[in-house]
Amino acid sequence: GVTPPRPAVPVHPALAGTHAGQAAMGARDYRRQSGLSDAFKQFFNRYTQFSGRSNRGEFWFWQLDNLLIGIVLWVLDLAITGPNGASILSGLWGLATIIPSLALTARRLHDIGKSGWWMLMPLAPVIVMIGAVLAGSQSALFGVLALAFCMGCIVLLVWYCKRPDPTPNRYG
């Protein structure tokens, strides 16, 4: 089950009277616990909400929900179209969940005080790599850029696992 919500979110004295303080007063409790079904509900209730915060439970239980649903849809795709057929159900699921997945990721980064734009960090080396290919370069740059991409992914993974800010921050 899901743990009941905790008492009202305290507003840090430094934030009293500010936008962040007002947001914290009316926002949902960012310290609440999330379970598997709660994460699923929250994911679809906050479908395009890029503002606010989402705790680790909401983020990681959605990842588990998404994995389980993906496996079921993959099996159904195999049963319907065979091993060489199109993954129609999986593709539709991916299209239906890409925007809310980006929104959830932005809210998770907000929970640790980071801008949601940081989720794009691994793309910077990819953009440089595309530029190098278009310029005709075939050097060792690709190995360095691949390493930079991996490092960006590792940084994000660490941030997704990080404990949240214990008090309201500028995101709520």
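(A) Molecular detail of the overall build of the protein. Within the protein one finds six helices and zero strands. Mapped in sequence order, the helices and strands of the protein form the string α-α-α-α-α-α. For the protein, the residues scored as buried account for 31% of the 172 residues in total. Of the contacts made within the protein by residues no fewer than 6 positions apart, 69% connect residues no fewer than 24 positions apart. In the form shown here, the protein has an accessible surface area of approximately 10300 Å², with 71% of it arising from carbon and sulfur atoms.

(B) Representation of the environment of Lys41 in the model. On the secondary structure map, Lys41 appears in helix α2 (residues 36–45). Here the alpha-carbon distance between Lys41 and Glu58, two residues 17 residues apart in the chain, equals 9.6 Å.

(C) Focus on α2. All buried positions along α2 are accounted for by Asp38, Ala39, Gln42 and Phe43. Burial along α2 is one-sided: seen end-on, the buried residues are contained in an arc of 135°. α2 presents Lys41 and Asn45 as exposed residues on the side facing more than 90 degrees away from its buried surface. The secondary structure elements touched by the buried residues of α2 are α3 (56–81) and α4 (88–111).

(D) Representation of the packing of α3 against α4 in the model. Following both chains from N to C, one finds α3 and α4 inclined at 170°, their axes separated by 11 Å at the closest point. Regarding the angle of α3 to α4, the classification is roughly antiparallel. Residue composition of the contact of α3 with α4, by class: eleven nonpolar, seven polar and six charged.

(E) Spotlight on a nonpolar patch on the surface. On the surface, a nonpolar cluster with roughly 770 Å² of combined accessible area is contributed by Leu36, Phe61, Leu64, Leu67, Leu68, Ile71, Trp74, Val75 and Leu78. In terms of residue count, the dominant contributor to the nonpolar patch is α3 (eight residues). With respect to the helices and strands, Val75 occurs in helix α3.

(F) Focus on the packing of aromatic side chains. In the structure shown here, the tally under the stated rule is eleven aromatic pairs. For the pair Phe43 and Phe44, a centre-to-centre distance of 5.0 Å together with 90° between the ring planes defines the contact as edge-to-face. By relative accessible area, which is 1% here, Phe43 ends up buried. A relative accessible area of 30% places Phe44 in the partly exposed class. Between Trp62 and Trp93, the ring centres sit 6.2 Å apart and the planes meet at 35°, which makes this aromatic pair tilted. Taken together, the positions of Trp62 in helix α3 and Trp93 in helix α4 put the pair 31 residues apart, joining distant regions of the chain. Through successive ring pairs, a cluster of aromatic residues spans Phe40, Phe43, Phe44, Tyr47, Trp62 and Trp93.

(G) Molecular detail of the layout of surface pockets. Roughly 190 Å³ of internal volume is contained in the second largest pocket. Taken together, Phe50, Leu102, Ala106, His110, Ser115, Gly116, Trp117, Met119, Leu120 and Tyr171 make up the lining of the second largest pocket. Each residue belonging to the lining of the second largest pocket can be placed in one class, and the counts come to seven nonpolar, three polar and no charged.

(H) How the structure looks around the pattern of salt bridges. Summed over the entire model, instances satisfying the criterion amount to four salt bridges. The partner of Glu58 in a salt bridge is Arg46, and the shortest N-O contact between them spans 3.4 Å. With Glu58 in helix α3 and Arg46 in the loop between α2 and α3, this residue pair connects regions lying twelve residues apart in the sequence. The same class applies to Glu58 as to Arg46, namely buried. Each of Arg46, Glu58 and Arg107 takes part in a single network of salt bridges with overlapping partners.

Calculation notes
- Residues numbered from 1 in each chain as written.
- Predicted model: local features only at pLDDT ≥ 70, side-chain atom pairs only at ≥ 80, totals over all residues.
- Heavy atoms only, no water.
- Helix = DSSP H or I, 4+ residues; strand = E, 2+ residues; numbered from the N terminus.
- Buried < 20%, exposed > 50% of the residue type's maximum accessible area, 1.4 Å probe, protein only.
- Contact = heavy atoms within 4.5 Å.
- Areas by Shrake-Rupley, 256 points an atom, 1.4 Å probe, with all protein chains shown as cover.
- Arc of directions from axis to C-beta.
- Axes fitted to C-alpha atoms, helices over the stretch in contact; angles between N-to-C directions.
- Parallel < 35°, antiparallel > 145°, perpendicular 65-115°, else oblique.
- Nonpolar A, V, L, I, M, F, W, Y, C, P; charged D, E, K, R; others polar.
- Patch = residues over 30% accessible without salt bridge, like charges linked within 9 Å, V, L, I, M, F, W, Y side chains within 5 Å.
- Salt bridge = Lys/Arg side-chain N within 4 Å of Asp/Glu carboxyl O.
- Phe/Tyr/Trp six-rings, centres within 6.5 Å; stacked < 30°, edge-to-face > 60°.
- 1 Å grid on protein atoms, 1.4 Å probe; cavity = no way out; pocket = protein on both sides within 12 Å on 5 of 7 lines; lining within 4 Å.
- Points joined across faces, edges and corners; volume = space filled by probe spheres on them.

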